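Spelled out from the first residue to the last, the chains are:
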Number of protein chains: 2
Amino acid sequence: MILTVTLNTALDITHRVPALRPHASHRVTEVIERPGGKGVNVARVLVALGHEVTVTGFAGGATGRVLRDRLAGTPGLVDALVEVTGATRRTVTVVEDRTGQVTCFNEPGPLIAPDEWAAFQERYEHLLGSAAAVALCGSLPPGVPVNAYAGLVRAARAADVPVLLDTGGEPLRRAVAARPDVIKPNADELAELTGAHEPVRAAQDARRRGARAVVASLGPEGLLATTSEGRWRATPPAPLAGHPTGAGDSVVAGLLSGLADHLPWPDRLVRATALSAATVAAPAAGEFDRRTYEELLGRVSVTELASAA
Amino acid sequence: MILTVTLNTALDITHRVPALRPHASHRVTEVIERPGGKGVNVARVLVALGHEVTVTGFAGGATGRVLRDRLAGTPGLVDALVEVTGATRRTVTVVEDRTGQVTCFNEPGPLIAPDEWAAFQERYEHLLGSAAAVALCGSLPPGVPVNAYAGLVRAARAADVPVLLDTGGEPLRRAVAARPDVIKPNADELAELTGAHEPVRAAQDARRRGARAVVASLGPEGLLATTSEGRWRATPPAPLAGHPTGAGDSVVAGLLSGLADHLPWPDRLVRATALSAATVAAPAAGEFDRRTYEELLGRVSVTELASAA
């Protein structure tokens, strides 16, 4: 199975309104509620691609119960979340009918107690025993040490499980030195990590800091992969209009799916790019459009770049 | 006991953000969650004033469970809500640190099934047997007939229980003819009901339509009461700065509290005006500031108006 870790799971609530008017009262015309947090989104895409997936991380409170009830209804997905006392956070996304534009309100996560963090680490090491690959995704809730991902990367490497890390800021900086197999920063996260704003140079620098491969997501310009086997740029045939929400999680799912299927790097990048573009094109934020995905698989272009100077 | 009816209860969520930026992503710095819906708010104020209160209406789903858990922790308040299959709605209020201004997103209520509505009516008639007064508050969830309040007013009058109605639009129009003891419209609701924009004239018209007494809440200008015993205007000593959220519910609580304590109309209006102003002045939306309330009790002015032409 593929293991995804979401330390800061969320109950994602989408509110549709005709138009957002600051300082007014709005009647919400449609409510969508679904399990969220980056690793949970990655798991949903992987399950849709036919993989067996286990999700772990933390869940608690009434919001955590709703999240777990929904996960229980997803075939192919195993819930190995650790129950905590604090309540799983909510995210509220307000979508305007008029423009399709979104405004998000993200609650902070629950405070994780030291014994809850210890219980998670034990659960994680046990799950690594049957994992073909693991993804560590998203922000850290309060109470989890800022070097958490460094320890989780080391545990995966000790268990010989390929590990992909998708986070930013200080948690990313601390974990890179533990030599994750892949990091997937966006342009901002990569610049923050390295101080370099030119992606090719920044990715090279991130590898020097410890990441074995860097797949930078550059929005509509696609992906830039810098690995020990070569460097590639993967781009969709044309920029697609739509919601960027979840596009990064689909990149992670595509990379993991290709890794689990033992594909070479260029084919993993095709899968990741097509999934990401099909997510942007989907009518519901964070879902992917399967027909678009299958059409794009044959139309993503992957170009090998000259080796670094 | 005093009975309050909230057919469309809510889990009220407040999100504090530094500033609201449309189409951006916001980190919420503080989350407050509490039971809501007008009748629930009225009950909370009544309990704080020392009354025994029973709340009824509908609650369901995970949000309904949270709401009921919170009510169970309020001494003096009895939960007689009817469990329904649909989920209790949420309201999300975004408060800006910078300006204190609020933006609200109100979910629609759950669909109430015919047997759930029938179960409520039975529960309500039973509760009337031990009620000193009843308040019918707020909007109707989907599935509840638009003439619902007319029936509930008639049942209260048949049981000889004084009934106060606080709603608007078509549910108010239908219920006025059933002769509620008191209606408490704001200026807009009163104008919509009567077609008259001058409050004194509009209140007189609302009495002709069936309301035995009309207490119109005119915002910072206080209250205008039109009854069979006389007409009064009650005003706070000075307009108070703050959140108007919940001020109308505090008026209802003040009127009911004075009714239950057998106070004459002018004293009921003093209580309602002081509570309303103390709610506007409270730091948390929908709470009232007890010291401000007690200070204002001696400083609200009530003026008797000449009898209607």
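Check the entry above for the structure.
Residues numbered from 1 in each chain as written. Chains lettered and ligands numbered in written order. Predicted model: local features only at pLDDT ≥ 70, side-chain atom pairs only at ≥ 80, totals over all residues. Heavy atoms only, no water.

Student: Which parts of the structure should I look at to understand the pairing of strand β2 (residues 10-17) of chain A?
Tutor: Put simply, side chains in a regular strand alternate between the two faces of the sheet. Residues and elements named next belong to chain A. With six of eight residues buried, β2 lies mostly within the body of the structure. Note: β2 against strand β4 (residues 30-36), seven bridges, orientation antiparallel. Paired with T14 across the strands is I32, a residue of β4. Relative to strand β8 (residues 89-96), β2 runs parallel, the two sharing eight bridges. Paired with A10 across the two strands is R89, which belongs to β8. (Buried < 20%, exposed > 50% of the residue type's maximum accessible area, 1.4 Å probe, protein only. Helix = DSSP H or I, 4+ residues; strand = E, 2+ residues; numbered from the N terminus. Pairing = 2+ DSSP bridges.)

Student: Just checking my understanding: could you explain the packing of aromatic side chains for this structure?
Tutor: Remark: the centre distance and the inter-plane angle together describe each pair of aromatic rings, the angle taken between the planes. Tallying each qualifying case throughout the model produces nine aromatic pairs over all chains. Ring geometry for F288(B) and Y293(B): centres 5.9 Å apart, planes at 80 degrees, overall edge-to-face. When sorted by exposure, F288(B) lands in the same class as Y293(B), which is buried. Taken together, the ring pairs connect F58(A), W117(A), F120(A) and Y124(A) into an aromatic cluster. Over the ring of W265(A) we find R268(A), and its NZ or CZ is 4.6 Å from the ring centre. (Phe/Tyr/Trp six-rings, centres within 6.5 Å; stacked < 30°, edge-to-face > 60°. Lys NZ or Arg CZ within 6 Å of the ring centre and 35° of its normal.)

Student: Just checking my understanding: could you explain unusual backbone geometry for this structure?
Tutor: Working note: non-glycine residues mostly have negative phi, and peptide bonds are mostly trans. Residue and element names in this part refer to chain A. Residues other than glycine seldom take positive phi values, yet R179 does so here, at roughly 65 degrees. Notably, H262 is not glycine yet its phi reads approximately 55 degrees, a positive angle. Given the relative accessible area of 72%, H262 is considered exposed.

Student: Would you explain helix α7 (residues 199-209) of chain B in this entry?
Tutor: An α-helical segment advances 3.6 residues per turn. Residues three or four places apart therefore align on the same side. Residue and element names in this part refer to chain B. Considered for burial, the residues of α7 that qualify are A202, A203, D205 and A206. The buried side chains of α7 occupy one side of the element, clustering within an arc of 160 degrees when seen end-on. α7 presents R201 and R208 as exposed residues on the side facing more than 90 degrees away from its buried surface. Against α5 (169-176), β12 (182-183), α6 (187-194), β13 (214-217) and β14 (223-227) lie the buried residues of α7. Two or three places before V200, at the opening of α7, E198 has a side-chain oxygen 3.2 Å from that residue's backbone nitrogen. Immediately beyond the C-terminal end of α7, within one or two residues, lies G210, with a positive phi of roughly 140 degrees. (Arc of directions from axis to C-beta. Contact = heavy atoms within 4.5 Å. Polar contact = N/O pair within 3.5 Å; in protein donor to acceptor, adjacent residues only side chain to side chain.)

Student: Before we go on, may I ask you to explain the pattern of salt bridges in this structure?
Tutor: Residues and elements named next belong to chain A. Counted under the stated rule, the structure contains 36 salt bridges over all chains. Note that D181 is salt-bridged to R212, the shortest N-O span being 3.3 Å. Residue D181 is located in the loop between α5 (169-176) and β12 (182-183), and its partner R212 is located in the loop between α7 (199-209) and β13 (214-217); the two are separated by 31 residues in the primary sequence. Relative accessible area serves as the criterion here: at 33%, R212 is assigned to the partly exposed category. R271 is paired through a salt bridge with D261; the nearest N and O atoms lie 2.8 Å apart. In this pair, R271 is assigned in helix α9 (residues 265-280) and D261 in the loop between α8 (247-260) and α9, connecting sequence segments 10 residues apart. (Salt bridge = Lys/Arg side-chain N within 4 Å of Asp/Glu carboxyl O.)

So, to be careful, I would describe these as geometric facts and stop short of saying anything about function.
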